[in-house]
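Chain residues, written in single-letter form:
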Amino acid sequence: DGGITQSPKYLFRKEGQNVTLSCEQNLNHDAMYWYRQDPGQGLRLIYYSQIVNDFQKGDIAEGYSVSREKKESFPLTVTSAQKNPTAFYLCASEQGPYNEQFFGPGTRLTVL
Amino acid sequence: EDQVTQSPEALRLQEGESSSLNCSYTVSGLRGLFWYRQDPGKGPEFLFTLYSAGEEKEKERLKATLTKKESFLHITAPKPEDSATYLCAVQAGSNYQLIWGAGTKLIIKP
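One numbering rule holds for all chains: residues counted from 1, following each sequence as written. Chains carry letters from A onward and ligands carry numbers from 1 onward, assigned in written order. Confidence filtering applies because this is a predicted model: local features only for residues at pLDDT of at least 70, side-chain atom pairs given and counted only at 80 or more, and all residues used for totals across whole chains, interfaces and linings. Hydrogens and water are ignored here; the side-chain numbers use all heavy atoms of the structure.

1. A short note on the overall build of chain A
Argument step 1. Looking only at helices and strands, chain A has zero helices and 11 strands in total.
Argument step 2. The C-alpha radius of gyration of chain A comes to 13 Å, within 12% of the 13 Å expected for a compact globule of 112 residues.
Argument step 3. Viewed in the frame of its principal axes, chain A has a C-alpha envelope of about 35 × 25 × 25 Å.
Argument step 4. For the exposure calls, accessible area comes from a 1.4 Å probe over protein chains only, and a residue counts as buried if that area is under 20% of its type's maximum, exposed if over 50%, partly exposed in between. Put simply, chain A has 112 residues, and 50% of those count as buried.
Argument step 5. Contacts spanning at least 24 positions in sequence make up 52% of the contacts within chain A whose residues lie at least 6 apart.
Argument step 6. Every accessible area reported is derived by Shrake-Rupley at a probe size of 1.4 Å, with residue values counting cover from the shown protein chains alone. Of the roughly 5,400 Å² that chain A leaves accessible, carbon and sulfur atoms contribute 48%.
Argument step 7. The distance from the centre of the 11 positive side-chain charges to the centre of the 12 negative ones in chain A is 9 Å. Labels follow the DSSP assignment, with helices taken as runs of H or I lasting at least four residues and strands as runs of E lasting at least two, numbered in each case from the N terminus. Using C-alpha atoms as the atom set, the radius of gyration is obtained and then compared with a globule rule of 2.2 Å times the number of residues to the power 0.38. Whether two residues are in contact is decided by their heavy atoms: any pair within 4.5 Å suffices. Counted as positive: Lys and Arg. Counted as negative: Asp and Glu, with His and the chain ends omitted from the count. The atoms used to mark charge sites are NZ of Lys, CZ of Arg, CG of Asp and CD of Glu.

See below:
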């Protein structure tokens, strides 16, 4: 089955730690996205990538980093510079511009 | 500033009681309006894309419509399994990014 996988489902981080969230897709989509979702708010874009080896900052990129070395993979690192990282993180992919985005199951990150 | 507003924030209905959710937008050059369903603790599930005013799409008990200023998601004779948060997003101009509304939490009581 084609789809998007995210791991882990739950992640706990101590103060000062960097953590990496995994996102893999086998839909052969060119574009991939990372969003953050907080209660009562719309999805906010962290980073996106339209093509391998290229990515752009979204609205809330500070404290986050990404890489796109393979078409199938778009990992997100939450660095210690992100002061309030507790949230639900969603990865999405899209075949091309102005098409629907398809989402993974999400990773819930909690700072201890 | 491009903006998407969904109303109401929450809606409680009895099973079988039809109603509508609203998504109003102020953007320049609409490219597409997207509706998603999200269950608690899960990723959003794609429902519909609407591209131009007057367009309508249906899926089971759901029907989405689009005007130049807003979209409605009509739910007919809802069942408890339709309970979820419904999200609306807009793509406009040459910007690939989606502009998201905060969602409407729909609760259907048996």
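2. A word on the packing of aromatic side chains
Argument step 1. When two rings of Phe, Tyr or Trp (its six-membered ring) have centres within 6.5 Å they constitute a pair, described as stacked for plane angles under 30 degrees, edge-to-face for angles over 60, and tilted for the intermediate range. What the rule picks out here adds up to 11 aromatic pairs over all chains.
Argument step 2. Measuring from ring centre to ring centre gives 5.3 Å for Tyr36(B) and Trp100(B), while their planes differ by 45°; the resulting arrangement is tilted. Of this pair, Tyr36(B) sits in strand 4 (residues 30–38) while Trp100(B) sits in strand 10 (residues 99–100), placing them 64 residues apart in sequence. Comparing Tyr36(B) with Trp100(B), the two get one shared label, buried.
Argument step 3. Ring pairs connect the aromatic residues Tyr33(A), Tyr35(A), Tyr48(A), Phe102(A), Phe103(A), Tyr36(B), Phe46(B) and Trp100(B), which therefore count as one cluster.
Argument step 4. Put simply, a charge is over a ring when the Lys NZ or the Arg CZ is close to the ring centre, within 6 Å, and near the line of the ring normal, within 35 degrees. Directly above the aromatic system of Phe74(A) lies the positively charged group of Arg68(A), at a separation of 6.0 Å from the ring centroid.

3. Some words on a nonpolar patch on the surface
All names here are of chain A.
Argument step 1. Patches were defined on residues exceeding 30% relative accessible area and lacking a salt bridge, with like-charge contacts within 9 Å and nonpolar side-chain contacts (Val, Leu, Ile, Met, Phe, Trp, Tyr) within 5 Å. By salt bridge we mean one thing: a side-chain nitrogen of Lys or Arg within 4 Å of a carboxyl oxygen of Asp or Glu. Among the surface-exposed residues, Tyr10, Phe12 and Leu112 lie close enough to one another that they form a single nonpolar patch of about 380 Å² accessible area.
Argument step 2. Mapped onto the fold, Phe12 is located in strand 2 (residues 10–13).
Argument step 3. Residue Phe12 is classed as exposed on the basis of its relative accessible area of 51%.

4. A word on the environment of Leu98(B)
Argument step 1. Looking at the secondary structure, you find Leu98(B) in the loop between strand 9 (84–92) and strand 10.
Argument step 2. Taking C-alpha positions, Leu98(B) is 17 Å from Lys68(B), a pair spaced 30 residues apart along the chain.

5. As for the interface of chain B and chain A
Argument step 1. On the side of chain A, 25 residues touch chain B, which itself brings 22 residues to the contact.
Argument step 2. Buried area is calculated as the accessible area (1.4 Å probe) missing from two parts once they are joined, with the contributions of both summed. Taken together, the two surfaces of chain B and chain A that pack against each other cover about 1,700 Å², and 57% of this comes from carbon and sulfur.
Argument step 3. In terms of surface lost to chain A, no three residues of chain B exceed Tyr96(B), Gln97(B) and Trp100(B), which account for 34% of the buried area on that side.
Argument step 4. The tally of links between chain B and chain A comes to zero salt bridges.
Argument step 5. Polar contact criterion, stated in full: a pair of N or O atoms within 3.5 Å, where within protein one must be able to donate a hydrogen and the other to accept it, and residues adjacent in sequence count only if both atoms are side-chain atoms. One can count two residue pairs in polar contact (both at pLDDT 80 or more) joining chain B with chain A.
Argument step 6. Broken down by secondary-structure element, the contributors of at least two residues to the side of chain B that touches chain A are strand 4, strand 5 (45–50) and strand 9 of chain B.
Argument step 7. Of all the elements, strand 4 of chain B adds the most residues to the side of chain B that touches chain A, at four residues.
Argument step 8. Three categories are distinguished: nonpolar for Ala, Val, Leu, Ile, Met, Phe, Trp, Tyr, Cys and Pro, charged for Asp, Glu, Lys and Arg, and polar for the others, with Gly belonging to the last. Grouping the constituent residues of the side of chain B that touches chain A by class yields 10 nonpolar, 10 polar and two charged.

6. Regarding the environment of Pro40(B)
Argument step 1. Among the structural elements, Pro40(B) can be located in the loop between strand 4 and strand 5.
Argument step 2. Judged by its relative accessible area of 75%, Pro40(B) is exposed.

7. Considering the sheet that holds strand 8 (residues 76–78) of chain A
All names here are of chain A.
Argument step 1. When DSSP finds two or more bridges between a pair of strands, those strands are recorded as paired. A sheet is described by the order of its strands in space; here four strands give the open sequence 1-3-8-7, paired in antiparallel fashion. Across the chains shown, the open sheet's two edge strands, defined by having one partner strand only, are strand 1 (4–7) and strand 7 (64–66). Neighbouring strand axes in the sheet, compared pairwise and without regard to direction, differ in orientation by 20° on average. To obtain an axis, a line is fitted to C-alpha atoms, over the contacting stretch when the element is a helix, and the angle between two such axes runs from 0 to 180 degrees between their N-to-C directions.

8. With respect to the nonpolar core
Within soluble globular proteins, side chains that are nonpolar tend to cluster in buried spots.
Argument step 1. Leu33(B), Trp35(B), Leu73(B) and Tyr86(B) are the most contacted members of the largest nonpolar core, which has 24 residues in total.
Argument step 2. Looking at this core, the elements that each hand over two or more residues are strand 2 (10–14), strand 3 (19–26), strand 4, strand 5, strand 7 (62–66), strand 8 (70–75), strand 9 and strand 11 (104–109) of chain B.
Argument step 3. Element by element, the count of residues in this core is highest for strand 9 of chain B, at five residues.
Argument step 4. The contact partners of Tyr86(B), leaving out residues within four places of it in the chain, are Gln6(B), Leu21(B), Trp35(B), Tyr36(B), Arg37(B), Leu47(B), Leu62(B), Leu73(B), Gly103(B), Thr104(B) and Leu106(B).
Argument step 5. Here the nonpolar core consists of buried residues drawn from Ala, Val, Leu, Ile, Met, Phe, Trp, Tyr and Cys, with membership extended through side-chain atoms lying within 4.5 Å. Of all hydrophobic cores here, the second largest spans 20 residues; its members include Cys23(A), Trp34(A), Phe74(A) and Leu109(A).

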